[in-house]
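Topology and contacts: notes
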Amino acid sequence: MDFTLPESAQAVRRGVADVCARYDMAYWQRCETEKRWPEEVWADLAKGGWLGLAVPEEYGGAGQGLLELAVATETLSASGSAGGSAFMYVLTPGFGALTLARHGSAEQKDALLPKLATGELETCFALTEPDAGSNSLAISTFARRDGSDFVVNGQKVWITGVQRAARMLLVTRTIPAEQARPRTDGLTVFLVDVPEAVRAGSLTYRPIPKMGANTTPSNMVFVDDLRLPASSVLGEVDRGVAVLWDVLNPERILLAASALGAAEVALRVGVDYAKQREVFGRPIGANQAVAFPLARVKAEIELARLMLYKAAWSFDNGLPCGTEANIAKLAASRAAWEAADAAFQTHGGMAYSLEYPVARLLADARIGRIAPVTEELLLNHLATQVLGLPRSF
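Residues numbered from 1 in each chain as written. Predicted model: local features only at pLDDT ≥ 70, side-chain atom pairs only at ≥ 80, totals over all residues. Heavy atoms only, no water.

Looking at the packing of helix 5 (residues 86–103) against helix 6 (residues 106–118)
Here is the rule we go by: Where helices are involved, their axes are fitted lines through C-alpha atoms of the stretch in contact, as for all axes, and angles between N-to-C directions lie from 0 to 180°. Strands are runs of DSSP state E lasting at least two residues, helices are runs of H or I lasting at least four, and both sets are numbered from the N terminus onward. Definitions for this section: a left-handed crossing has its near helix turned counterclockwise from the far helix by less than a right angle. A right-handed crossing has that turn clockwise. Contacts: residue pairs with any heavy atoms within 4.5 Å of one another. The residue classification treats Ala, Val, Leu, Ile, Met, Phe, Trp, Tyr, Cys and Pro as nonpolar and Asp, Glu, Lys and Arg as charged. All others, Gly included, are polar.
With their axes 10 Å apart at the nearest point, helix 5 and helix 6 run at an angle of 145° to one another. For the pair helix 5 and helix 6, the sense of crossing is left-handed. Contact residues: T92, G96, A97, L100 and A101 in helix 5; Q108, K109, L112, L113 and L116 in helix 6. Residues that form the contact of helix 5 with helix 6 fall into these classes: six nonpolar, three polar and one charged.

In structure tokens form, the structure reads like this:
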């Protein structure tokens, strides 16, 4: 067994870290407070070629895999952006480039991958629905055939990044859930030209006010008689579950990477304060009640990192990675929460002051335990699919 990261991943870590070194914690706090996309970081990442990691070389990218994307996400998050950084690598390099490279038609790849490599074109992903919630197979957004086209109607919720996206990966039913046998049949994924659909009035959205990760708005999305040509299908009609798995597993891995980076920055903030803050004539970090929670977080971070890299490596090598992705997401999200909570407790009353970044780190860390899938569903997968325990439904 070799636990050394390949040189490609190490180069990504160095390159992304060099970009991030130009931006301090105050910059990320301003982006959150002003609810604005980190345009400057995005431009610098694009200029350095760090957005095209998963785009094949023939389309102008670096031809790397999910492991390199995960390392990039972790590095960006650990620089100070924390949980909000995930969207930079999830929305476009993850949802867009990685998925298109695997499932796109020749025409789709030619048209979109070069622009995804440069960051000129951005993407988002629309799966979750108000009534279906975490039961993705129960979605009701429906695409019916009309000649050579499809007409789509439905509603989505918690769709992040619509405002900037040029393309949306829209998951629909082409066979109603109650008629599909097996239940995974009848899903079809479409590539939607978002600006065109908005202009036509067939796609509208409404931002959802939220407690954190405000650098990118999340939205309610309404789809009304959206007409799409058959050429916009990503993968195969009624066989979209193959595309879906190649979206959901990388999503969990990249969000685990973001959570891991968030844990690292929260731990760093907590440790620095514990070293500097003196009470009763000594640094508060000399007290075991302060030191031990921080030390425990360090152990949790290192354990989560092992599973994160294993999950990404498994995906890149064509091995089953669903269980590994779920464990990585579970472990990293809990590490991020424990790190933020420890940093908060270490700061005491000053944690409530927005002069310090702790409140932002705590808000962002809480997201990982419920999104894009709750801890309970991750544990349910492990209980039923891995341990073989009886299903509750």
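Here we look at the packing of aromatic side chains
For the record, the criterion: When the centres of two rings from Phe, Tyr and Trp lie within 6.5 Å, Trp using its six-membered ring, the rings pair. Their planes under 30 degrees apart give stacked, over 60 give edge-to-face, and anything left gives tilted. Here the term buried applies to any residue with accessible area under 20% of the maximum for its type, exposed to any over 50%, and partly exposed to those in between, with areas from a 1.4 Å probe on protein chains only. Lysine and arginine charges are scored as sitting over a ring when NZ or CZ, respectively, is within 6 Å of the ring centre and within 35 degrees of the ring normal.
For the structure shown, the criterion picks out seven aromatic pairs. A centroid spacing of 4.9 Å and a plane angle of 40° characterise the contact between F95 and F125, whose relative ring orientation is tilted. Residue F95 is located in helix 5, and its partner F125 is located in strand 1 (residues 123–126); the two are separated by 30 residues in the primary sequence. You'll find F95 and F125 in the same group, each marked buried. For the pair F150 and F190, a centre-to-centre distance of 5.2 Å together with 65° between the ring planes defines the contact as edge-to-face. Note that F150 is positioned in strand 3 (residues 149–160) and F190 in strand 5 (residues 187–193), a separation of 40 residues in sequence. The buried category is assigned to F150, whose relative accessible area is 1%. On the basis of relative accessible area, F190 is assigned to the buried category, the value being 0%. Through pairs of rings, three or more aromatic residues link up here, namely Y23, Y27 and W28. Lying over the aromatic face of W337, R366 brings its terminal NZ or CZ to 5.5 Å of the ring centre.

Here's the deal with the domain arrangement of the protein chain
For interface size, the figure often reported is the accessible area lost on association. Spelled out, the test is: Note that the domain bounds were set by an automatic or database domain assignment. Buried area, as used here, totals the accessible surface that two parts lose on assembly, with accessibility defined by a 1.4 Å probe and the loss added over both.
When its domains are assigned, the protein chain resolves into domain 1 (7–122), domain 2 (124–239) and domain 3 (241–386). The gap between the C-alpha centroids of domain 2 and domain 3 is 30 Å. The interface is formed by 14 residues belonging to domain 2 together with 10 residues belonging to domain 3. For the domain 2 and domain 3 pair, buried surface summed over both sides reaches about 1,000 Å², with 78% attributable to carbon and sulfur atoms. Together, F125, S134 and R239 form the three largest contributors to the area buried by domain 2 at its contact with domain 3, with a combined 34%.

Observations concerning the UniProt feature "domain: Acyl-CoA dehydrogenase/oxidase N-terminal" (unreviewed entry) in the protein chain
Our working rule: UniProt positions are given in the numbering used here, feature names are shortened, and annotations may be inferred rather than shown by experiment.
Residues given the UniProt feature "domain: Acyl-CoA dehydrogenase/oxidase N-terminal" (unreviewed entry) here are residues 7–120. As a span, residues 7–120 carries 70% helix and 0% strand, and end to end its C-alpha atoms are 27 Å apart.

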